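Residue-level listing of the chains:
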Amino acid sequence: MTTYSAPIRDMQFVLHDVLDISNQDLPGYDDLDRDFTQAVLEAAGKLASEVLAPLNAVGDREGCTLENGVVHTPRGFLEAFEQMREGGWTALDCDPEYGGQGMPYVIGLAAGEMFSASNMAFTMYQGLTHGAYSAIHAHGSEQQKATYLPKMVSCEWTGTMNLTEPHAGTDLGLLRTRAEPQQDGSYLITGQKIFISAGDHDMSQNVIHLVLAKAPGGGEGTRGISLFIVPKFLVDEDGSLGDRNAVSVGNLEEKMGIHGNATCVMNYDGAKGWLLGELHKGMRAMFTMMNEARIGVGLQGYSVAEAAYQNAVAYARDRLQGRAVTGDANPAGPADPLIVHPDIRRNLMDQKSFLEGARALAFWGAYLIDRAVLAEDKEAHDLVSLLTPVIKGFLTDKGFETAVQAQQVFGGHGYIEEQGMSQFVRDARIAMIYEGANGVQALDLVGRKLAAEGGKPVMAFFELVKAEIKAHEGDAALKAGFCEPLKAASKDLQSAAMFFMEQGMKNPNAALAGSYDFMHLFGHVALGLMWTRMAAAAKAALDGATEDPAFHETKLATGRYYMARQLPMTAAHLARIRSGAEPVMALDAGRF
């Protein structure tokens, strides 16, 4: 059986030594001292390791079942969900006006990492509710917010997002679900939605669906789409639950992973719904959920890999196989542990250096969201909008790769279900697909985000890199091990961006053919920036006679590994980008 231990020491390092959150000029941040965040993270970590992690394999084996129109979650999920609610974890960063605790998003994200790492399928129930809460909070009327948000903050009612239809995934302009206006101001929603995570279950009293549909007069394509609140049970004027709405589960999808989450086919047969936001501008309201969800999915990508890595390390220390080429490391035993072998070390260092860099990038992204929201900082908003497809796409691609590497440490035992490593791989795989497949993330990055605001956000990112390098030019160790590799990688990124600017108008396929490589190139540079910041913080701690020198020395060694062994991939990605569209588009469609 797999285990999970929350990496609180590393989280504290990122929050306080790298981001310095308690000294930021943002509302609520002055409360985030080390003792407070330590207490919050320890409590969340205890729930994750002692309650959620033991249910991870249970959810995978049992899955969800649909009986007589009712969805049942796996054994133990309901009791765990009650503990999650009672502890206030569903309300951590929600508005106090509706029962939330009002903490900054960065703390909610840190707790979310632990919950997702310990049990991704379970954590999706409250994660999707939080996204629906955010959309209603941002776009709902006062009456809608008063009606739905208190119960959603507490997760007495949960929420979903309903986008995909059998014939319309990424291209939402093709959707057919219809909304017919009624005299009382409501709409009747008719259509079918598929792949609806947490679409129905037995852990909450009501499910509040946010449904994209087309109302009359909206025109073709996405311009005609509106967003509607469609509850499973109608809500009476006094806030009590009324009649069952005309929405039902047609089927549960059989999936590769996340078996503990109910992925539903939802049928709307004239279900009563209410417009959320402006008519025919549903995409704008939905993207309130989508942007938050994409950051959350990036978090899932590396957090599941973190759990896989922890189990791989434990196995590598215990499993005896072969002898070290430099001499017996375990002379009293029949063989040496796997961890003595250089290729196992390479595998584990690949994992460790990615995971710690990914955590820093995700936490920085959460800090930028806090700055954008709490301080109405437009530059922070633009920068995190630029980084969102990178966080979602790069961290989920590499997170899946890391889970596979962790499985590889086990050899044949990693392929056997009883070891549990297969579940990490299967669960991580969906993160590359949902909330916008990673190819779409790459197209969004190159096609929209790169040129946004006349290129100001990407130029601001380059300036951040330059400033970081300049800040350490007098430190020989940081300069050689971190700043020079980061400078070279940043030049590769700038060269790729320039290639797109030169080719984009006259040969758009050249830009689109290189978009995926650009997303990964950007991701490596972003992690290189994070590792340079972490290295500077670790070195400062060592220079200041830290009480934990082993942690900071390990941090520097891990960072040097990433800069030496992973960051040079930017050159390969740049070479692929510069090859243009010709190699990609050389074959006619019929030749595949």
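As shown above, the structure is provided for reference.
Read on for a plain summary of the structure. (Residues numbered from 1 in each chain as written. Predicted model: local features only at pLDDT ≥ 70, side-chain atom pairs only at ≥ 80, totals over all residues. Heavy atoms only, no water.)

### Describing the layout of surface pockets
Leftover empty space is mapped by rolling, across the atoms, a probe with the size of a water molecule. Counted only if it meets this: In this analysis a 1.4 Å probe is tested at points of a 1 Å grid over the protein atoms alone, and where it fits but cannot get out there is a cavity; an open set with protein on both sides within 12 Å along at least five of seven lines is a pocket; lining residues have an atom within 4 Å of a point. Grid points are joined across faces, edges and corners, and a volume is the space filled by probe spheres set on the points. Put simply, DSSP marks the helices as runs of H or I at least four residues long and the strands as runs of E at least two long, and each gets a number from the N terminus on. Each residue is assigned to one of three groups, with Ala, Val, Leu, Ile, Met, Phe, Trp, Tyr, Cys and Pro labelled nonpolar, Asp, Glu, Lys and Arg labelled charged, and all others, Gly among them, labelled polar.
Within this model, the second largest pocket holds a volume of roughly 540 Å³. In terms of lining, the second largest pocket is formed by 22 residues, of which the most central are W364, L368, L383, L464 and R533. Taken together, the elements giving at least two residues each to the lining of the second largest pocket come down to α1 (8–18), α8 (342–374), α9 (378–409) and α12 (456–471). For the lining of the second largest pocket, the leading source of residues is α12, giving six residues. Across the lining of the second largest pocket, the residue classes break down as ten nonpolar, one polar and eleven charged.

### Considering the side chain of Q441
This is how it is decided: Any N or O atom pair separated by 3.5 Å or less is treated as a polar contact, with the protein-specific requirement of one donor-capable and one acceptor-capable atom, and with residues adjacent in sequence counted only for side-chain atom pairs.
Among the structural elements, Q441 can be located in helix α11 (residues 438–449). Only 3.0 Å separates the side chain of Q441 from the backbone oxygen of G436, close enough to count as a polar contact.

### Concerning the packing of aromatic side chains
Test applied: Two aromatic rings, drawn from Phe, Tyr or Trp (for Trp, its six-membered ring), form a pair once their centres lie within 6.5 Å of each other, and the interplanar angle then sorts them: stacked below 30 degrees, edge-to-face above 60, tilted otherwise. Throughout this description, buried means an accessible area under 20% of the type-specific maximum (1.4 Å probe, protein chains only), exposed means over 50%, and partly exposed covers the range between. Placement of a positive charge over a ring is assigned whenever Lys NZ or Arg CZ falls within 6 Å of the ring centre and within 35 degrees of the normal to the ring plane.
With the rule as written, the count across this model stands at 13 aromatic pairs. On the numbers, 5.4 Å between centres and 65 degrees between planes, the contact of F13 with F551 is edge-to-face. Pair noted here: F13 is in helix α1 and F551 is in helix α16 (residues 549–566), with a separation of 538 residues, a long-range link. Relative accessible area serves as the criterion here: at 0%, F13 is assigned to the buried category. F551 gets classed as buried once you look at its relative accessible area, which sits at 16%. By way of ring pairs, the aromatic residues F461, F462, F499, F500, F518 and F522 are connected into one cluster. Directly above the aromatic system of F233 lies the positively charged group of R244, at a separation of 5.6 Å from the ring centroid. The cationic tip of R533 hangs over the ring face of W364; the distance from NZ or CZ to the ring centre is 4.8 Å.

### Regarding the pattern of salt bridges
This is how it is decided: Put simply, a salt bridge is a Lys or Arg side-chain nitrogen that is within 4 Å of an Asp or Glu carboxyl oxygen.
Taken as a whole, this structure holds 35 salt bridges when the rule is applied. In this structure, D60 and R426 form a salt bridge, with 2.8 Å as the shortest nitrogen-oxygen distance. Remark: R426 occurs in helix α10 (residues 421–429) and D60 occurs in helix α2 (residues 34–62); sequence separation between them is 366 residues. You'll find D60 and R426 in the same group, each marked buried. The partner of D444 in a salt bridge is K449, with the nearest N and O atoms 3.0 Å apart. For K449, a relative accessible area of 14% puts it in the buried group. A single salt-bridge network, built from bridges that share partners, covers D10, E113, E306, K352, E356, R359 and K555.

### Remarks on the pairing of strand β4 (residues 178–181)
As a reminder of what qualifies: Pairs of strands are assigned from DSSP output, requiring at least two bridges between the strands.
As judged from the four bridges shared by β4 and strand β5 (residues 187–197), these two strands associate in the antiparallel manner. By the bridge assignment for β5, P181 is matched with Y187. Linking β4 to β5, which pair antiparallel, is a turn of five residues; within it G185 sits at a positive phi near 95 degrees.

### Re the nonpolar core
Stated precisely, the cut-off is as follows: Side-chain atoms within 4.5 Å are what join buried Ala, Val, Leu, Ile, Met, Phe, Trp, Tyr and Cys residues into a set we call a nonpolar core. Two residues qualify as a contact provided that any one of their heavy atoms is within 4.5 Å of a heavy atom in the partner residue.
Among the nonpolar cores identified, the biggest contains 190 residues, and W364, F461, F518 and F522 are the most heavily contacted of them. Setting aside residues no more than four positions away along its own chain, F518 makes contact with L445, V446, L450, L493, A496, A497, F500 and I577.

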